[in-house]
Amino acid sequence: MISKRFNFLKISLALFIFIFASGFTVIGHRGDPINAPEETFESFDKAFSEGADYVELDLHVSKDNVLVVSHDRDLERVTGTSEIVSEHNFSDLAQLHQKNGEPMHSLNQVFEHYKNNPKAKFLIETKKTKKGNPQNMEALLKQVIDTYGMQNRVMFHSFSTKSLENEAQLMPDIPRIFIAGTTKRINFDILQYVTGVNLSSNIVTPQIIDTMHFMGKSIYVWDEMNESPKKWNTLINMPIDGVVTNYPATGNEYRQLKDQSKSEALNQNVYYMSSQKETIYENPYRLIKTGKTVNPLDGYHITNIIKFNGEKYVQLGENKFANASGFNSEYALRDLRQYFGAKVVFRNQQPDNFLYSDPTDSNSIVNRLEINEPQRIITIQKYGTQTWLKLKDGWVNAHNVLIQLNPKSYFGNNSLASYQDLPHGQRIKNIDLLQSFATLKPTNDQTLKNADLIREINNFYINFSVNNDNDSINKI
């Protein structure tokens, strides 16, 4: 019994010990392509100003071996002129301009422009054919990075496994991320020379993330992230390492929300001990309702507990979160059921009758419990060795009140029966004996069932009459 109580104490304390949640890296996909022409200085600047840690850019190789910043090999979409990058010298390509008037840029020009801004970092995608052409792209890339000393300010990602393998040989200290639209492309051969994977948001799952993290690989997610609240609200619940998005401002906003929270992973079975239904949300950061609720005495397996904006939330499943108030370990269920459906009363003989808005904050006194006015217990919460009870006006420590057991079923629970089912030493001692004496008279078949309680009532009055005068009795 002692061992079981000790284990429960450790679990109870663990529920409210938090560590800072790690945030994720925000990468502006081609900068901020919604508000400026993609892969221009204007687009990059907007993304950095909106909180992006990196901007993503794509590379092709010109006829004269210059690394050209462009997603397409044909520049018609971005310049209005159909020119194939590999068929022209860069001096010719630089004469073409995007809609904001900026010319096509080389990687050298980008690094030169941002060389004195250490916060400007770049995720570089190498564009190669299925046969691995151009063959010299990674060597050219290393040359430019070495020239500008950008080793600590770049990462690579690519669909080309050959390109990533070349980068691993030439620049082993720079992170290399494999882009995959399907998990079928991920295998052990590829994972040998990459440091992470970049998955479509349509296929990423918590299980995939956990597996990759177990193997020491980072997980990035790519998608246009087209401001769909459903997509962002789901994605933020996952332990991703980064997101590549057309909306860096939105990504930064969600990242800041997550960074403001503290969380801890748990593996705990709990029961919800409250008479009030609790709303289930998609995440704790944007309280968007799922349409489902937690019901009294429902059981769950929780995997995380998160503290955000002064509130605590438990994760009940994938994209399912609820306020943590009222969730108690399965080990405490038997002890706490004697409170469920019962009432409390203050008879002026307990230490105090303070009501608190937050049972964990001794300075959060909001009211006092009126003398001799019973109130129904709404929610029960165990903190370590202490039990707190939520009433309509605030929380009260169970030690400071008397409990009026309920002989009737309340949401399927009978507090009196729960009290009687416990061994004598585990029953609560602060029973309101006046109420018990009045409502639990030992008649008919209830006589034997209530015998222990009646015996306690009789002993109480015998002892009280010996040790107290009439004035003291009148105060009860």
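Parameters and conventions
- Note that residues are indexed from 1 along each chain, following the sequence as it is written.
- pLDDT decides what is reported in this predicted model: residues at 70 or higher carry local features, side-chain atom pairs at 80 or more are listed and counted, and totals for whole chains, interfaces and linings draw on all residues regardless.
- Each side-chain value is derived from all of the structure's non-hydrogen atoms; neither hydrogens nor water enter the calculation.
- The way it works is that DSSP assigns letters per residue, a run of H or I at least four long becomes a helix, a run of E at least two long becomes a strand, and they are numbered from the N terminus.
- A helix's residues, less one, multiplied by 1.5 Å, set its expected span.
- Here a pair means two rings of Phe, Tyr or Trp (six-membered ring of Trp) with centres within 6.5 Å. Their orientation is stacked below 30 degrees between planes, edge-to-face above 60, and tilted elsewhere.
- A 1.4 Å probe rolled over the protein chains alone gives each residue an accessible area, and that area as a share of the maximum for its type sets the label: buried under 20%, exposed over 50%, partly exposed in between.
- At least two DSSP bridges between two strands are needed for those strands to be called paired.
- Nine residue types can take part in a nonpolar core, namely buried Ala, Val, Leu, Ile, Met, Phe, Trp, Tyr and Cys, and a core is a set of them joined through side-chain atoms within 4.5 Å.
- Residue contacts are defined here by distance: any two heavy atoms, one from each residue, within 4.5 Å place the two residues in contact.
- Each residue carries a pLDDT value, the predictor's own confidence for that position, ranging from 0 to 100.
- Orientation is described by axes fitted as lines to C-alpha atoms, over the contacting stretch for helices, and by angles from 0 to 180 degrees between their N-to-C directions.
- Angular relationships are summarised with four words: roughly parallel below 35 degrees, roughly antiparallel beyond 145, roughly perpendicular across 65 to 115, and oblique for the angles in between.
- It is the rotation of the near helix from the far one that decides the hand of a crossing: anticlockwise by less than a right angle makes it left-handed, clockwise makes it right-handed.
- Taking the helix axis as origin, the arc is that swept by the directions to the C-beta atoms.
- In this classification, the charged set is Asp, Glu, Lys and Arg, the nonpolar set is Ala, Val, Leu, Ile, Met, Phe, Trp, Tyr, Cys and Pro, and all remaining amino acids, among them Gly, are polar.
- For salt bridges, the criterion is a side-chain nitrogen of Lys or Arg within 4 Å of an Asp or Glu carboxyl oxygen.
- Under the rule applied, a polar contact is a pair of N or O atoms within 3.5 Å (in protein, one hydrogen donor and one hydrogen acceptor; residues adjacent in sequence only if both atoms are side-chain atoms).

In the annotation of an unreviewed UniProt entry, the chain is listed under the name Glycerophosphodiester phosphodiesterase and assigned to Companilactobacillus huachuanensis.

A. Representation of helix H6 (residues 137-148) within the structure. Counted at 1.5 Å a residue, the expected span for H6 with its twelve residues is 16 Å, and the 17 Å between its end C-alpha atoms agrees. One or two positions beyond H6, positive phi appears at Gly149, with a value near 60°.

B. Structural view of the packing of aromatic side chains. The final tally for this structure, using the stated rule, is 16 aromatic pairs. Note on Phe44 and Phe122: the rings are 6.3 Å apart at their centroids and 75° apart in plane angle, and the pair reads as edge-to-face. Here the residue Phe44 occupies a position in helix H2 (residues 41-49), and Phe122 occupies one in strand E5 (residues 121-126), the gap between them amounting to 78 residues. Taken as a pair, Phe44 and Phe122 share a single burial class, namely buried.

C. Up close: the sheet that holds strand E18 (residues 343-345). With antiparallel pairing, the three strands of this open sheet are ordered in space as E21-E18-E25. The open sheet is flanked by strand E21 (375-376) and strand E25 (402-404), the only strands paired with a single partner. Where E18 and E21 come together, two bridges link them in antiparallel fashion. Looking across to E21, one finds that Val344 is bridged to Gln375.

D. Region of interest: the nonpolar core. In terms of nonpolar packing, the biggest core is built from 31 residues, with Phe178, Val197, Leu199, Ile219 and Ile240 touching the most fellow members. For this core, the element with the most residues is helix H9 (residues 206-214), which contributes three residues. Setting aside anything within four residues of it in sequence, one finds Phe178 in contact with Ser158, Phe159, Thr161, Leu164, Arg185, Ile186, Ile190, Val194, Gly196, Val197 and Asn198. The next biggest cluster of nonpolar side chains, apart from the first, holds 28 residues, and it includes Ala52, Val61, Val144 and Phe156.

E. The arrangement of the confidence of the model for the chain in detail. When pLDDT is averaged along the chain, the result is 87; 86% of the residues meet or exceed 70. Ignoring residues within four places in sequence, the model shows residues 1-21, a span with pLDDT below 50, making 38 contacts including any to other chains.

F. Quick peek at the environment of Gln256. The residue Gln256 is located in helix H11 (residues 248-259) in this model. Taking the C-alpha atoms as reference points, Gln256 and Gly23, 233 residues apart in sequence, are found 7.8 Å from one another.

G. Quick look at unusual backbone geometry. In this chain, Asn133 is followed by Pro134 through a cis amide linkage whose omega measures -5°. Position of Pro134 among the secondary structure elements: in the loop between E5 and H6. Residue Asn65 is not a glycine yet carries a positive backbone phi of 65°. You can see Asn65 is positioned in the loop between strand E3 (54-61) and strand E4 (67-69). Of note in the backbone geometry, Asn372 takes a positive phi value of approximately 60° without being a glycine.

H. Spotlight on the packing of helix H5 (residues 107-114) against H6. For the pair H5 and H6, the least separation of the axes is 10 Å and the interaxial angle reads 20°. Between H5 and H6, the angle falls in the class roughly parallel. Two packed elements cross with a definite hand, and for H5 against H6 that hand is right-handed. Residue-level inspection shows Leu107, Asn108, Phe111 and Glu112 of H5 in contact with H6, the latter providing Leu141, Val144, Ile145 and Tyr148.

I. Quick peek at H5. Listing the buried residues of H5 in full gives Leu107, Val110, Phe111 and Tyr114. Along the axis of H5, the buried residues cluster in a sector spanning 95°; they form a single face. Buried residues belonging to H5 abut H2, E3, E4, E5, H6 and strand E6 (154-158).

J. Local environment of the packing of H6 against helix H7 (residues 161-170). Between H6 and H7, the least distance of the axes is 9 Å, while the angle of their chain directions is 45°. Taken together, the axis directions place H6 and H7 in an arrangement best described as oblique. For the element pair H6 and H7, the recorded crossing hand is right-handed. Across the interface between the two elements, Glu138, Ala139, Leu141 and Lys142 of H6 pack against Ser163, Asn166, Glu167 and Leu170 of H7. Classifying every residue of the contact of H6 with H7 gives three nonpolar, two polar and three charged.

K. Summary view of the pattern of salt bridges. In this structure the tally under the stated criterion is twelve salt bridges. The partner of Asp146 in a salt bridge is Lys142, with the nearest N and O atoms 2.6 Å apart. Of this pair, Asp146 and Lys142 are both found in helix H6, four residues apart, which corresponds to roughly one turn of the helix. Exposure remark for Asp146: the relative accessible area of 39% places this residue in the partly exposed category. Its salt-bridge partner being Arg347, residue Asp432 comes within 2.8 Å of it at the nearest N-O pair.

L. The arrangement of the environment of Pro118 in detail. Position of Pro118 relative to the elements: it lies in the loop between H5 and E5. When the C-alpha positions of Pro118 and Arg153 are compared, they lie 7.7 Å apart, and in sequence the two are 35 residues distant.

M. Main features of the side chain of Thr387. As for its placement among the helices and strands, Thr387 is situated in strand E23 (residues 386-391). In this structure the side chain of Thr387 is engaged in a polar contact, spanning 3.4 Å, whose partner is the side chain of Lys382. Contacts of Thr387, omitting those with residues within four sequence positions, involve Leu336, Tyr339, Ile380, Gln381, Lys382, Val396, Asn397 and Ala398.

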